[in-house]
Amino acid sequence: MGDMNETAVIERVQEISAVRADAAAAQPAAIKAALRASSELRSWLAASDAELAACLAAQVSFPEKEIADCTRSTLHESAKAKERSDALGSVRSFAEALDAADVTAAHVDAITRAGKSLEGHSQRAELFDRVAGLVDVASAATVEEFRRRLGIEVKSIQRDDGMARLERQRRNTRLRTWTDIDGMWRFSGQFDPVTGVRLAARLDAALQTMFAEAEPDTCPSDPIEKQHHLRGLAFARLLSDDAAAPIGARPGRPEFVVVVDASTGDGAGGPQVDWGISVEIPGRVVAEMAGTADVHAVIVRNGVVIHAPGRLDLGRNTRLANRAQRRALRGLYRRCAIPGCSVPYDRCKLHHVIWWRHGGRTDLDNLLPLCSQHHTKVHDSGWVVELGANRELTIRFPDGAIHNTGPPDRQAA
């Protein structure tokens, strides 16, 4: 990217202004170039904020309050800005890369979060030493990819297989409740990851049971708010009684879908194995939990399910997918199948690629996970999706444009 000097900053501002001045006539290439310029400016501004925050912190006793006052932000936002400044002070190579717009502020924030997951100054110092040599990795990686790389570094630094951290997390369990000015009962809580996995299992089971056939009239139209609403209803039901628990399930019993990806190695000669746990839990605790959980193994390779338990082809007997089909497709998809969508798989519907009303079958090779927003695009906005033999996805848009992807890649999710 090069140095973002005053001339480069002015050039990018002019590029953005030119597109905004006649946005209706702007071509896609010019709009995308302006967006890139805007991203580069944000990185440079974030580096400037960090440097200014460091200067202020050296002269005042409560820099977070001073930052909040002069930027009209909250103390929480200013504390985050101060943390970013401190991280850049510890990893000067990233300060230079952010100033040059080679990385984003989100890359730096990932370093800060990784440091918080370690115990003590010595471990964090070791992480910062390792991170200093990862600028080229970060500049070529998405934020999510860089987070995963940092996770590898964190795990290699930790000496106690995570048990000390888990005990600290258990001690930090909290739940706060209050009534807001509108009379709504509200709460905020934090739980250790083992408890979180169990609570999430109960909540997901309640969602699938309560809203498999129909959704209440109270749902908001916005797809994200709709999911929040349904989760709130399911949570309230769980607190009031156990009627939402699926038949045969035991309270608090988690379900693990263990994905064995035969197309990706684990670096030790075996396939990549993913337990599907989104939080950090020590390996021996996972083994203990597996003894009291429902464990289902799904084997995939290059976009194809090689093995999954249960009945995967239901034909025309039923329109709704069963739990076995949802487990199998979870082995292929982490999120909505539409490229770039970040809605998690468990919040998606299984869409019939050949629509049910057009004779489509409820078979695994005719099902695709779509979030509410993209499901509506397909059914109401003229999007057409097609699946290849290895679940290659083709999307045809109403304007004639076509987007093709390869097989689903869990590693890139």
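Residues numbered from 1 in each chain as written. Predicted model: local features only at pLDDT ≥ 70, side-chain atom pairs only at ≥ 80, totals over all residues. Heavy atoms only, no water.

A. Layout of the overall build of the protein. When helices and strands are tallied, the protein shows 15 helices and 11 strands. Within the protein, buried positions represent 37% of all 413 residues. Taking contacts inside the protein between residues at least 6 apart in sequence as the whole, the part at least 24 apart equals 55%. Carbon and sulfur atoms make up 52% of the accessible area of the protein, which amounts to about 23400 Å² in all. (Helix = DSSP H or I, 4+ residues; strand = E, 2+ residues; numbered from the N terminus. Buried < 20%, exposed > 50% of the residue type's maximum accessible area, 1.4 Å probe, protein only. Contact = heavy atoms within 4.5 Å. Areas by Shrake-Rupley, 256 points an atom, 1.4 Å probe, with all protein chains shown as cover.)

B. Spatial organisation of unusual backbone geometry. A positive phi angle is found at Arg-72, which is not glycine, with a value near 55°. By relative accessible area, Arg-72 is classed as exposed at 81%. Phi angles above zero are rare outside glycine, and Ala-101 is one such case at about 65°. Along the polypeptide, Ala-101 turns up in the loop between helix H5 (92–99) and helix H6 (105–116). Residue classification places Ala-101 among the buried residues on the basis of a relative accessible area of 7%.

C. Quick peek at the packing of aromatic side chains. This model, assessed by the stated rule, comprises four aromatic pairs. Taken together, a centroid distance of 5.8 Å and an interplanar angle of 40° make the contact between Trp-185 and Phe-187 tilted. The partly exposed category is assigned to Phe-187, whose relative accessible area is 37%. Aromatic rings pair up to connect Trp-185, Phe-187 and Phe-235 into one cluster. Across the ring face of Trp-178, the terminal group of Arg-176 is positioned such that the distance to the ring centre comes to 4.2 Å. Taking the ring centre of Trp-356 as reference, the NZ or CZ of Arg-316 above it sits at 3.9 Å. (Phe/Tyr/Trp six-rings, centres within 6.5 Å; stacked < 30°, edge-to-face > 60°. Lys NZ or Arg CZ within 6 Å of the ring centre and 35° of its normal.)

D. Representation of the environment of Arg-301 within the structure. Tracing the backbone shows Arg-301 in strand S5 (residues 294–301). Looking at Arg-301, the relative accessible area reads 42%, which means it is partly exposed. Through-space distance from the C-alpha of Arg-301 to that of Pro-271 is 10.0 Å; in sequence the pair is 30 residues apart. Not counting chain neighbours up to four residues away, the residues in contact with Arg-301 comprise Asp-261, Ala-262, Ser-263 and Ile-306.

E. View of the nonpolar core. By size, the foremost hydrophobic cluster in this structure holds 31 residues, and its most contacted members are Val-305, Leu-329, Tyr-333, Cys-336, Ile-338, Leu-368 and Val-385. Those elements that provide at least two residues to this core are strand S3 (255–265), S5, helix H14 (323–330), strand S8 (367–370) and strand S10 (393–396). In this view, Leu-368 contacts Tyr-333, Ala-337, Lys-349, Leu-350, His-351, Val-353, Val-385, Leu-387, Arg-391 and Leu-393; residues no more than four positions away in its chain are not counted. One finds Ala-95, Val-103, Leu-127 and Val-131 within the second-largest nonpolar core, a separate group that totals 27 residues. (Core = buried A, V, L, I, M, F, W, Y, C linked by side-chain atoms within 4.5 Å.)

F. Here's a closer look at the pattern of salt bridges. Enumeration according to the criterion identifies 18 salt bridges in this entry. A salt bridge links Arg-84 to Asp-109; the shortest N-O distance between them is 2.9 Å. Here Arg-84, found in helix H4 (residues 75–90), pairs with Asp-109, found in helix H6; they are 25 residues apart in sequence, far enough to count as distant. Arg-84 sits in the buried class, given a relative accessible area of 17%. (Salt bridge = Lys/Arg side-chain N within 4 Å of Asp/Glu carboxyl O.)

G. Just the packing of helix H2 (residues 28–57) against H5, in detail. As a packed pair, H2 and H5 sit with axes 7 Å apart at the nearest point and diverge in direction by 135°. As far as their axial angle goes, H5 and H2 are oblique. In this structure, H2 uses Ser-43, Trp-44, Ala-46 and Ala-47 to contact H5, whose residues at the interface are Ala-95, Leu-98 and Asp-99. Looking at the contact of H2 with H5 residue by residue, the classes come out as five nonpolar, one polar and one charged. (Axes fitted to C-alpha atoms, helices over the stretch in contact; angles between N-to-C directions. Parallel < 35°, antiparallel > 145°, perpendicular 65-115°, else oblique. Nonpolar A, V, L, I, M, F, W, Y, C, P; charged D, E, K, R; others polar.)

H. Up close: the layout of surface pockets. By volume, the second largest pocket is sized at about 1000 Å³. In this structure, the second largest pocket is lined by 32 residues; those nearest its centre are Phe-211, Ala-212, Leu-320, Lys-349 and Leu-350. Those elements that provide at least two residues to the lining of the second largest pocket are helix H11 (193–210), helix H12 (223–240), H14, strand S7 (349–352) and helix H15 (372–380). Per-element tally for the lining of the second largest pocket: the top contributor is H11, with five residues. Tallied by class, residues from the lining of the second largest pocket come to 13 nonpolar, nine polar and 10 charged. (1 Å grid on protein atoms, 1.4 Å probe; cavity = no way out; pocket = protein on both sides within 12 Å on 5 of 7 lines; lining within 4 Å. Points joined across faces, edges and corners; volume = space filled by probe spheres on them.)

I. Layout of the side chain of Ser-78. Here Ser-78 is to be found in helix H4. Residue classification places Ser-78 among the buried residues on the basis of a relative accessible area of 1%. In this view, Ser-78 contacts Glu-64, Ile-67, Ala-68 and Ser-73; residues no more than four positions away in its chain are not counted.

J. Structural view of the confidence of the model for the protein. Per-residue pLDDT for the protein averages 84, and the proportion of residues at 70 or more is 88%. Considering each helix and strand of the protein separately, the mean pLDDT is smallest for helix H13 (residues 283–290), with a value of 68, and largest for S8, with 94. Confidence drops under pLDDT 50 across residues 243–252; counting only partners more than four residues distant or on other chains, this segment forms 13 contacts. (pLDDT = per-residue confidence, 0-100.)

K. The arrangement of the sheet that holds strand S9 (residues 384–387) in detail. The antiparallel open sheet is built from three strands, whose spatial order is S9-S10-S11. Of all the strands in the sheet, the pair left with one neighbour each is S9 and strand S11 (402–404). Averaged over all pairs of adjacent strands, the angle between their axes in this sheet comes to 15°, without regard to strand direction. With four bridges joining them, S9 and S10 adopt antiparallel strand pairing. By the bridge assignment, Glu-386 is partnered in S10 with Thr-394. (Pairing = 2+ DSSP bridges.)

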